[in-house]
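A closer look at the structure
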Protein chains: 2
Amino acid sequence: MSNACFAYAHVREAISQQIIEQHLTGSLPSERELCATYDVARSTLRQALGQLEHMGLIYRKNRSGWFVCPRKLKYDPMQHTSFLQYTTAQGFQPSTKLVEQKKLKPCKEIAAALELDARTSLTSILRVRSVDGRAVVVENLNFSNKHLPDIDKHDLSLSISILLKNTYHQHNVLYDVTVESCCLFNPIAQLLDTYDGALGLKVTRIVRDKDGIAFEFDREFWRHDALMIENKAKLHF
Amino acid sequence: MSNACFAYAHVREAISQQIIEQHLTGSLPSERELCATYDVARSTLRQALGQLEHMGLIYRKNRSGWFVCPRKLKYDPMQHTSFLQYTTAQGFQPSTKLVEQKKLKPCKEIAAALELDARTSLTSILRVRSVDGRAVVVENLNFSNKHLPDIDKHDLSLSISILLKNTYHQHNVLYDVTVESCCLFNPIAQLLDTYDGALGLKVTRIVRDKDGIAFEFDREFWRHDALMIENKAKLHF
DNA sequence: CCCACCAATTGGTACATACCAAAAAAGGGC
DNA sequence: GCCCTTTTTTGGTATGTACCAATTGGTGGG
């Protein structure tokens with residue numbers, strides 16, 4: 001129905017209907033096959049596929065074809081729960097890989113956010129987190145060594161929220177969170193098994209202790225099709 | 001720097017650097033001019049422009065060219081403040097246009113969210129909201145007539161949050177909010193002065209009274225480049 | 001000076017083609 | 001049956017061309 005006045009829109013609607021009505025999963029036919037099916041040029045087909053990708057209905061894995069998207073992960077960036085916890089609660093199989101860990105001085109953005117001077121030492125890590133074997137987010141976490149002494153001595157591939165609770169007694173932390181759409185470039189795109197220029201969602205987070213002192217600055221680069229930000233009202237009866 | 005191993009990436013970096021370093025505003029040269037400047041085919045150039053668009057650096061207005069994006073609006077969908085209030089607080093000139101108002105029965109999604117049966121009457125409105133003359137969001141608000149009697153008798157082009165406070169004494173409402181990236185299709189794309197298939201952010205909101213009874217269901221379709229979701233921690237000293 | 005009309009420009013759509021590198025599939029040896 | 005090599009397929013990149021409709025800018029008349 002509706003917007004079939006252009007070829008790409010017609011192809012888009014046809015494929016989308018196929019996927020939704022027949023509950024397709026797994027991979028789509030090859031681009032050249034689909035071109036033949038819908039009798040359009042490859043560039044036109046790719047325009048249609050690109051829009052279905054932006055809808056979060058399909059995605060491409062590296063250079064090995066198009067796949068129907070699995071269901072989205074629901075995620076509340078304001079909530080102080082661990083990745084393991086909220087993924088398993090939704091029936092996903094989570095995993096985390098620590099890609100890099102180093103000490104560095106804060107960039108301008110971090111210095112301003114954490115109110116640190118440029119000489120302060122930070123522990124910075126890069127992690128890739130997956131659900132059901134699909135990489136969904138690259139995390140860059142930056143900890144102030146002054147506020148979290150010897151944090152680099154711990155295994156930072158595990159849950160940070162549990163580490164903060166158990167070792168540093170940070171039970172009631174506060175978050176300043178922003179979410180915006182972004183573009184994923186290499187090398188982050190490669191870590192997410194996607195292409196240079198893919199669509200993403202960027203979550204930044206400043207973590208404060210109960211007195212409002214900021215000690216952590218995070219950047220999360222999500223596959224745009226992997227998550228739905230959710231913030232449920234908390235009722236107080 | 002970095003990813004200049006492909007032509008589109010080189011063009012993308014070059015244009016992005018130009019815009020950022022020289023603080024360009026307003027319109028870019030025509031596509032055919034840019035093709036000549038960077039010596040690439042038009043489709044390659046458009047790929048680069050498309051990625052800059054996804055970065056939120058440039059946007060296209062209808063079919064009249066490419067423009068540098070104005071700064072983003074910061075928006076907290078959990079906050080119970082009016083559009084007028086938070087836009088002016090950030091130095092924008094807001095305006096709202098009521099496009100449509102009608103009574104209808106709830107669709108499946110709304111019936112489930114508001115826990116209504118299919119016969120309940122809803123007042124549904126469609127509004128376009130702009131900042132500095134640029135349409136940024138299309139709102140579809142749905143009110144339960146049962147919970148908000150005679151709401152269709154009021155001027156619904158004005159602030160709903162003020163109407164709820166003053167007329168219906170809803171001072172402490174609760175929100176269930178979700179945010180996800182989406183694709184904007186006609187006719188919504190046209191209302192936002194953009195193209196069929198443009199990138200967007202979809203915010204859905206269920207509004208409840210202080211007892212948790214849901215009485216309103218909203219869908220907001222934002223230009224993806226117009227906003228940054230922001231949720232600041234509230235400190236309690 | 002303003003307005004209506006016209007011509008040139010421009011973005012949106014669409015196609016055909018080509019090449020490359022990576023991935024998948026097929027084949028062959030153990 | 002398993003592993004390694006070769007062939008084929010496939011997605012990613014890139015170009016050139018073409019046409020249309022909407023917008024824009026200029027021109028001329030009132």
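Position labels on residues start from 1 in each chain and follow its written sequence. By the order in which they are written, chains take letters starting at A while ligands take numbers starting at 1. With pLDDT at 70 or above as the cut-off, local features in this predicted model cover only qualifying residues; side-chain atom pairs require 80 or more to be listed or tallied, and sums for whole chains, interfaces and linings still use all residues. With hydrogens and water set aside, each side-chain value is computed from the structure's full complement of heavy atoms.

Under an unreviewed UniProt entry, the name given to chain A is Transcriptional regulator, and the organism recorded is Pseudoalteromonas luteoviolacea.

It is worth spelling out the protein's contact with DNA strand C at this point. Here, proximity means that at least one heavy atom of the residue falls within 4 Å of the molecule or strand. Neighbouring residues of DNA strand C: 21 residues in total, closest Ala7(A), Tyr8(A), Thr44(A), Arg32(B) and Arg42(B). Backbone sugar and phosphate groups make up 67% of those atoms of DNA strand C lying within 4 Å of the protein. Any N or O atom pair separated by 3.5 Å or less is treated as a polar contact, with the protein-specific requirement of one donor-capable and one acceptor-capable atom, and with residues adjacent in sequence counted only for side-chain atom pairs. For DNA strand C, a phosphate oxygen lies 2.8 Å from a polar atom in the side chain of Tyr8(A). With respect to DNA strand C, the side chain of Thr44(A) contributes an N or O atom lying 2.7 Å from a phosphate oxygen. Those elements that place two or more of their residues in the surface near DNA strand C are helix 1 (7–21) and helix 3 (42–55) of chain A together with helix 2 (31–38) and helix 3 (42–54) of chain B. Classification used: nonpolar for Ala, Val, Leu, Ile, Met, Phe, Trp, Tyr, Cys and Pro, charged for Asp, Glu, Lys and Arg, polar for all others including Gly. Among the residues making up the surface near DNA strand C, the classes are represented as five nonpolar, eight polar and eight charged. Strands are runs of DSSP state E lasting at least two residues, helices are runs of H or I lasting at least four, and both sets are numbered from the N terminus onward.

Our focus in this paragraph is the packing of helix 1 (residues 7–21) of chain B against helix 3 of chain B. Residues and elements named next belong to chain B. Note on geometry: axes are C-alpha line fits, over the in-contact stretch for helices, and angles between N-to-C directions span 0 to 180 degrees. The geometry of helix 1 relative to helix 3 is characterised by a closest axis approach of 8 Å and an angle of 50 degrees between their N-to-C directions. The angle between the axes of helix 1 and helix 3 places the two elements in the oblique class. In this structure, helix 1 meets helix 3 at a crossing whose hand is right-handed. Here Ala 7, Tyr 8, Val 11, Arg 12, Ile 15 and Ser 16 of helix 1 lie close against helix 3, whose contacting residues are Thr 44, Leu 45, Gln 47, Ala 48, Leu 49, Gln 51 and Leu 52. For the contact of helix 1 with helix 3, a count of residues per class yields eight nonpolar, four polar and one charged. Here is the rule for angles: anything less than 35 degrees is roughly parallel, anything more than 145 is roughly antiparallel, 65 through 115 is roughly perpendicular, and the remaining ranges are oblique. In this scheme the crossing of two helices becomes right-handed for a clockwise turn of the near helix relative to the far one and left-handed for an anticlockwise turn of less than a right angle. Note on definitions: a residue-residue contact is assigned when non-hydrogen atoms from the two residues lie within 4.5 Å.

All names here are of chain A. Domain parsing of chain A yields domain 1 (7–68) and domain 2 (73–229). The centre of domain 1, based on its C-alpha atoms, is set 33 Å off from the matching centre of domain 2. In total, domain 1 and domain 2 occlude about 680 Å² of area from one another, counting both sides; carbon and sulfur atoms represent 48% of this. Whenever Lys or Arg places a side-chain nitrogen within 4 Å of a carboxyl oxygen from Asp or Glu, that contact is recorded as a salt bridge. Put simply, domain 1 and domain 2 have zero salt bridges between them. Where domain 1 touches domain 2, the interface holds four residue pairs in polar contact (both at pLDDT 80 or more). Among the elements of the structure, helix 3 and strand 1 (58–60) are those that each provide at least two residues to the side of domain 1 that touches domain 2. Domain start and stop positions are those given by an automatic or database domain assignment. In short, buried area is how much 1.4 Å probe accessible area vanishes from two parts on joining, totalled over both.

For this analysis, a nonpolar core means a set of buried residues of the types Ala, Val, Leu, Ile, Met, Phe, Trp, Tyr and Cys, connected via side-chain atoms within 4.5 Å. Throughout this description, buried means an accessible area under 20% of the type-specific maximum (1.4 Å probe, protein chains only), exposed means over 50%, and partly exposed covers the range between. Ranked by internal contacts, the top residues of the largest apolar core, which has 60 residues, are Trp222(A) and Trp222(B). If sequence neighbours within four positions are ignored, Trp222(A) has contacts with Leu73(A), Tyr75(A), Phe83(A), Tyr86(A), Val136(A), Val137(A), Leu184(A), Leu199(A), Gly200(A), Leu201(A), Val203(A) and Leu227(A).

This brings us to the relation of the copies chain B and chain A. Each of the two chain copies can be generated from the other by rotation about an axis followed by a shift along it. In superposing the copies, a least-squares fit is computed on C-alpha atoms, taking residues whose pLDDT is at least 70 in both. Mapping chain B onto chain A calls for a screw motion: a turn of 180 degrees about the axis and a shift of 0.0 Å along it, with 0.0 Å RMSD after fitting. The symmetry that links the two subunits is that of a two-fold axis. The position closest to the rotation axis in chain B is occupied by the C-alpha of Ser181(B), lying 3.7 Å away.

Glancing now at the interface of chain B and chain A. A common measure of how large an interface is: the accessible area buried when the components associate. Taken together, the contact pairs 38 residues of chain B with 38 residues of chain A. Of the roughly 3200 Å² buried between chain B and chain A on both sides combined, carbon and sulfur atoms contribute 54%. Contact with chain A buries surface across chain B, with His54(B), Ser181(B) and Asn231(B) losing the most and accounting together for 16% of the total. On the surface where chain B and chain A come into contact, there are four salt bridges. Notably, a salt bridge pairs Asp196(B) with Arg12(A), separated by 2.5 Å at the nearest N-O pair. There are 12 residue pairs in polar contact (both at pLDDT 80 or more) connecting chain B and chain A. Contributions of two or more residues to the side of chain B that touches chain A are made by helix 1, helix 3, strand 7 (174–184), strand 8 (198–208) and strand 10 (227–231) of chain B. Here the side of chain B that touches chain A gets 10 residues from one element, more than from any other, and that element is strand 7 of chain B.

Once that is clear, we can look at the protein's contact with DNA strand D. In the neighbourhood of DNA strand D, 22 residues make up the surrounding shell, with Arg32(A), Arg42(A), Ala7(B), Ser43(B) and Thr44(B) lying closest. Among the atoms of DNA strand D close to the protein, meaning within 4 Å, 67% are from sugar or phosphate groups. Measuring from a base nitrogen of DNA strand D, one finds a side-chain N or O atom of Arg42(A) at 2.7 Å. Between DNA strand D and Arg60(A), the relevant distance is 3.5 Å, taken from a phosphate oxygen to a side-chain nitrogen or oxygen of the residue.

Residue and element names in this part refer to chain A. On the secondary structure map, Thr 120 appears in the loop between helix 5 (108–114) and strand 5 (122–131). With relative accessibility at 11%, the residue Thr 120 sits in the buried group. Side-chain polar atoms of Thr 120 contact the backbone oxygen of Asp 117, separated by 2.8 Å. If near-sequence neighbours (up to four positions away) are discounted, Thr 120 is found in contact with Leu 104, Lys 105 and Pro 106.

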